[in-house]
Amino acid sequence: MLKKKITIIILNLIALFAIFTPSNAHASNMFSLSPMNQMVTLTPGETFYGNFNVVNPGTSTNDFYYTLEVKPFTTSNNGEISTESNGDYTLMADWIELFSTDDIIAPNEVKEIRFAIHVPDDAPAGGQYATIVVRSGEYRIDNSNVDLREAYESGHLIYADVAGETVRKGSVNDVNVPSFLFSGNISGSALIKNEGNVHSQATSTLQVFPLFSSEEVFTNEEDPKKSWIMPGNTTLTTTEWTETPSIGIFHVIYNVEFEGVSEKVDKMVIVCPLWLLFVILVIIFLIIFKILSGKKEKK
């Protein structure tokens, strides 16, 4: 009887596992885009032709059905992308023509997506931004009367520079490197404002030296952090040393450049966990108490 009950429990667990484990159909939705974005130059009154690829990977076991849609895109001051806002810099979403809006791709195949950007004669100079959203068809799991529907999407971002009176101007503010850390990583941060009318790239470098050495323990000078700053945006950028030790004193140089403006911080940074600071304070207190007690005994 006990053996029969155990067998029933095991079979029930197997049934539950079958219900909540995704089937191989899930893999057919994990498509990729190549490239993820592109930079283009547009001329008023002319048409630009572009393309990118949608890839159904070889690991997929099913055909992949997708649909396409053109949307504007903007970025917030913390760099997050939104496809819901319209403005002076998202007019291009209305200029884009897709040569197809849906298709099916077999496993391990690539489909080229072709599009045209019809630039109006009166198109404003400067930056314009849109994304072509690729959305998978809903996929269905039907195990033991469980019906789950999922869809996936990804966007191909288009950064355009419309010929004309382009303004490139910006400022770098609030450049900061914390002088004392109880925990976390040594980092530098800055607020970068794009005061022009086209996207532009900011670069940030961080150099970390031991206190009494000129040999760097960390630097990203060969591969500086690059951040696209959209027109009208003030964006916070941060560069950090992800392998910062828990204790140490370091010489840190942080430099940010944007549109010909360069701001640098050069300072000493102390990394000291809170428990160590507490121990140091206790030791100092005991030393002071001993000195005062000694003076009192002499008196």
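Here, every reference points to the structure presented above.
Residues numbered from 1 in each chain as written. Predicted model: local features only at pLDDT ≥ 70, side-chain atom pairs only at ≥ 80, totals over all residues. Heavy atoms only, no water.

Draft legend 1. Highlighting a negative patch on the surface. Together, Glu 215, Glu 216, Glu 221, Glu 222 and Asp 223 make up a negatively charged patch on the protein surface. Take Glu 216: it is sitting in the loop between β17 (200-210) and β18 (218-219). By relative accessible area, which is 30% here, Glu 216 ends up partly exposed. (Patch = residues over 30% accessible without salt bridge, like charges linked within 9 Å, V, L, I, M, F, W, Y side chains within 5 Å. Areas by Shrake-Rupley, 256 points an atom, 1.4 Å probe, with all protein chains shown as cover. Salt bridge = Lys/Arg side-chain N within 4 Å of Asp/Glu carboxyl O. Lys, Arg positive; Asp, Glu negative; His and termini not counted. Charge placed at Lys NZ, Arg CZ, Asp CG, Glu CD. Helix = DSSP H or I, 4+ residues; strand = E, 2+ residues; numbered from the N terminus. Buried < 20%, exposed > 50% of the residue type's maximum accessible area, 1.4 Å probe, protein only.)

Draft legend 2. Spatial organisation of the layout of surface pockets. Estimates place the volume of the largest pocket at around 190 Å³. Of all the secondary-structure elements, those providing two or more residues to the lining of the largest pocket are β19 (225-229) and β20 (234-240). Looking at which element gives the most residues to the lining of the largest pocket, the answer is β19, with four residues. Grouping the constituent residues of the lining of the largest pocket by class yields six nonpolar, six polar and one charged. (1 Å grid on protein atoms, 1.4 Å probe; cavity = no way out; pocket = protein on both sides within 12 Å on 5 of 7 lines; lining within 4 Å. Points joined across faces, edges and corners; volume = space filled by probe spheres on them. Nonpolar A, V, L, I, M, F, W, Y, C, P; charged D, E, K, R; others polar.)

Draft legend 3. Spotlight on the side chain of Asn 56. Summarising the element assignment, Asn 56 is placed in strand β3 (residues 47-56). At 3.3 Å, the side chain of Asn 56 forms a polar contact with the backbone oxygen of Ala 106. (Polar contact = N/O pair within 3.5 Å; in protein donor to acceptor, adjacent residues only side chain to side chain.)

Draft legend 4. Summary view of the packing of aromatic side chains. Enumeration according to the criterion identifies nine aromatic pairs in this entry. A centroid spacing of 4.9 Å and a plane angle of 20 degrees characterise the contact between Phe 31 and Phe 64, whose relative ring orientation is stacked. Taken as a pair, Phe 31 in the loop between α1 (2-20) and β1 (32-34) and Phe 64 in strand β4 (residues 64-72) lie far apart in primary sequence, 33 residues in all. Of the two residues examined, Phe 31 and Phe 64, each falls in the buried class. Ring pairing ties together the aromatic residues Phe 73, Tyr 129, Tyr 159 and Trp 228, which thus form one cluster. The ring of Phe 99 has Arg 114 lying over it, and the distance from NZ or CZ to the ring centre is 4.6 Å. (Phe/Tyr/Trp six-rings, centres within 6.5 Å; stacked < 30°, edge-to-face > 60°. Lys NZ or Arg CZ within 6 Å of the ring centre and 35° of its normal.)

Draft legend 5. Quick look at the sheet that holds β20. Within the open sheet, the three strands sit side by side as β14-β16-β20. Their pairing is antiparallel. Of all the strands in the sheet, just β14 (170-176) and β20 have a single pairing partner and so form its edges. Neighbouring strand axes in the sheet, compared pairwise and without regard to direction, differ in orientation by 25 degrees on average. Where strand β16 (residues 187-194) meets β20, seven bridges bridge the pair, whose relative direction is antiparallel. The partner of Ser 189 across the bridge, within β20, is Thr 238. (Pairing = 2+ DSSP bridges. Axes fitted to C-alpha atoms, helices over the stretch in contact; angles between N-to-C directions.)

Interpretation in functional terms is not warranted from these geometric data alone.
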